[in-house]
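A structural walkthrough
In case you want the letters, here they are:
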Amino acid sequence: RKTVPLFQEEDPEQRALIGLMVDKLREHLTRLLPGLGKKRIDSLVVNYVAKLLELIRHMLDYVWVKYRLGPRVLCLTQQGSSSEWSVFHFMCRVLEATRGLCLPLPPGYNTVLSVLAVRCLPHHGFLQYVDHGVLQLTETLVTRLMADLDNSEANEKLKFSILKRLPEPVDQRVHHVWDHPVTSAIISRDYVRSVLERAQKPKGFEFRGKENMGFKPQFLPLTHLTQILSDVEQRALNPFAEQGTVDAHFVEDTALKQTLVHLGFSRK
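As the structure is a computational prediction, the values presented were derived from the model and not from experiment. (Residues numbered from 1 in each chain as written. Predicted model: local features only at pLDDT ≥ 70, side-chain atom pairs only at ≥ 80, totals over all residues. Heavy atoms only, no water.)

**Some thoughts on the pattern of salt bridges**
Applying the stated rule across the entire model yields eight salt bridges. The salt bridge involving aspartate 23 is made with arginine 26; its shortest N-O contact spans 3.0 Å. In this pair, aspartate 23 and arginine 26 both sit in helix α1 (residues 12-32), three residues apart, roughly one turn of the helix. Looking at arginine 26, the relative accessible area reads 27%, which means it is partly exposed. Lysine 38 is the salt-bridge partner of aspartate 42, the closest N and O atoms lying 3.0 Å from each other. Pair noted here: aspartate 42 and lysine 38 are both in helix α2 (residues 38-66), with a separation of four residues, about one helical turn. Looking at aspartate 42, the relative accessible area reads 19%, which means it is buried. Classification of lysine 38 as exposed rests on a relative accessible area of 61%. (Salt bridge = Lys/Arg side-chain N within 4 Å of Asp/Glu carboxyl O. Helix = DSSP H or I, 4+ residues; strand = E, 2+ residues; numbered from the N terminus. Buried < 20%, exposed > 50% of the residue type's maximum accessible area, 1.4 Å probe, protein only.)

And the structure:
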């Protein structure tokens, strides 16, 4: 009976390590024991790696039962006990040993370890463990953390610090979990950017002037307006007469000034 609530999640790093270990063991046995045959060697290698993962699982189950931990350890809103701290310390030692020996870990191990860290460590200590590579910010952990923790000042600081440390693909997938004005603004900005990009593709806008200057304005409506003007200018250009070009800086300055006036931050 399995006691430790390991999450059933994809772990690309551990999967790659398991694949590398299987390949190296297969090559080693093939070179030393060629008489066993490919099928027998493959079976030995797969069973060996599976037993290693199961051994780590049995160790965790034993410690879990010894300190009488239950499902409550998965709740991120409560502070951890001394028993949970002991289990966290034990799991850190297992992580250190497996990394030193290049051994794989069961899927979900890093998530449970990080959950215990959130419960047992102060927020700045948790972030230091993350920065030093001891803990991993898995998508399962971040999703639970964003949904379970409230928007108090300390929790907001922790959430923003975690979002800064996430890779971009994971960062975009967890924004919708946290109901906060900042994440709502990010989702809206990404949506507007995607809509404008889809609108530009069929029309074939080409805006190379700013790219050549090494400058790209971040105000999306203004960027879209400038691209439209540039496209109109190129289509209306008369090759038999000298034509002036659109001053993009003037258009940007005028648009920004009108925006400030409209919002009441400046006078006409």
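Once you've had a look at it, read on.
**Notes on the packing of aromatic side chains**
Applying the stated criterion to the full structure yields three aromatic pairs. Between phenylalanine 88 and tyrosine 129 the ring centres are 5.9 Å apart and the planes differ by 50 degrees, which places this aromatic pair in the tilted class. Residue phenylalanine 88 is found in helix α3 (residues 82-101), and its partner tyrosine 129 is found in helix α5 (residues 123-131); the two are separated by 41 residues along the sequence. Residue phenylalanine 88 is classed as buried on the basis of its relative accessible area, which comes to 1%. (Phe/Tyr/Trp six-rings, centres within 6.5 Å; stacked < 30°, edge-to-face > 60°.)

**Side note on the side chain of threonine 138**
The residue threonine 138 is located in the loop between α5 and α6 (139-148) in this model. Under the relative-accessibility criterion, threonine 138 is labelled buried at 12%. A distance of 2.8 Å separates a polar atom in the side chain of threonine 138 from a polar atom in the side chain of threonine 111. Apart from the residues within four sequence positions on either side, threonine 138 is in contact with Glu9, Asn110 and Thr111. (Polar contact = N/O pair within 3.5 Å; in protein donor to acceptor, adjacent residues only side chain to side chain. Contact = heavy atoms within 4.5 Å.)

**Things to note about the packing of α6 against helix α7 (residues 153-165)**
In contact at an axis separation of 11 Å, α6 and α7 are set at 155 degrees when each is read in the N-to-C sense. When the interaxial angle is binned, α6 and α7 end up roughly antiparallel. Crossing geometry of α6 relative to α7 is assigned as left-handed. Taken together, the residues of α7 that come into contact with α6 (itself represented by Val142, Leu145 and Met146) are Leu158, Lys159, Ile162 and Leu163. (Axes fitted to C-alpha atoms, helices over the stretch in contact; angles between N-to-C directions. Parallel < 35°, antiparallel > 145°, perpendicular 65-115°, else oblique. Left-handed = near helix turned anticlockwise from the far one by under 90°.)

**Section: the nonpolar core**
Trp64, Met91, Tyr109, Phe126 and Ile162 are the most contacted members of the largest nonpolar core, which totals 43 residues. Residue assignment for this core shows that the elements contributing at least two residues are α2, α3, α4 (109-120), α5, α6, α7 and α8 (168-174). When residues in this core are grouped by element, the largest group, seven residues, is from α4. Discounting residues that sit within four places of it in the chain, isoleucine 162 has contacts with Phe126, Leu127, Leu137, Val142, Leu145 and Met146. Ranked by size, the runner-up nonpolar core spans six residues in total, among them Val22, Ile41, Val49 and Leu52. (Core = buried A, V, L, I, M, F, W, Y, C linked by side-chain atoms within 4.5 Å.)

**A closer look at a nonpolar patch on the surface**
On the surface, a nonpolar cluster with roughly 330 Å² of combined accessible area is contributed by Leu32, Leu33, Leu36 and Leu44. Checked against the element boundaries, leucine 36 lands in the loop between α1 and α2. The class for leucine 36 is partly exposed, based on a relative accessible area of 39%. (Patch = residues over 30% accessible without salt bridge, like charges linked within 9 Å, V, L, I, M, F, W, Y side chains within 5 Å. Areas by Shrake-Rupley, 256 points an atom, 1.4 Å probe, with all protein chains shown as cover.)

**Here we look at the environment of glutamine 14**
Along the chain, the position of glutamine 14 falls in helix α1. Note on glutamine 14: relative accessible area 8%, which makes it buried. Sequence-wise, glutamine 14 and leucine 105 are 91 residues apart; in three dimensions their C-alpha atoms are separated by 6.4 Å. The residues touching glutamine 14, leaving out its near neighbours within four places in the chain, are Pro104, Leu105 and Asn110. Reaching out from glutamine 14, the side chain makes a polar contact with the backbone nitrogen of leucine 105 at a distance of 2.8 Å.

**A short note on the packing of α5 against α7**
Where α5 contacts α7, the two axes come as close as 11 Å, and the packing angle between them is 10 degrees. Compared by their axis directions, α5 and α7 come out roughly parallel. Here α5 contributes His123, Phe126, Leu127, Val130 and Asp131 to the contact with α7, which in turn contributes Ala154, Asn155, Leu158, Ser161, Ile162 and Arg165. Classifying every residue of the contact of α5 with α7 by side-chain character gives six nonpolar, three polar and two charged. (Nonpolar A, V, L, I, M, F, W, Y, C, P; charged D, E, K, R; others polar.)

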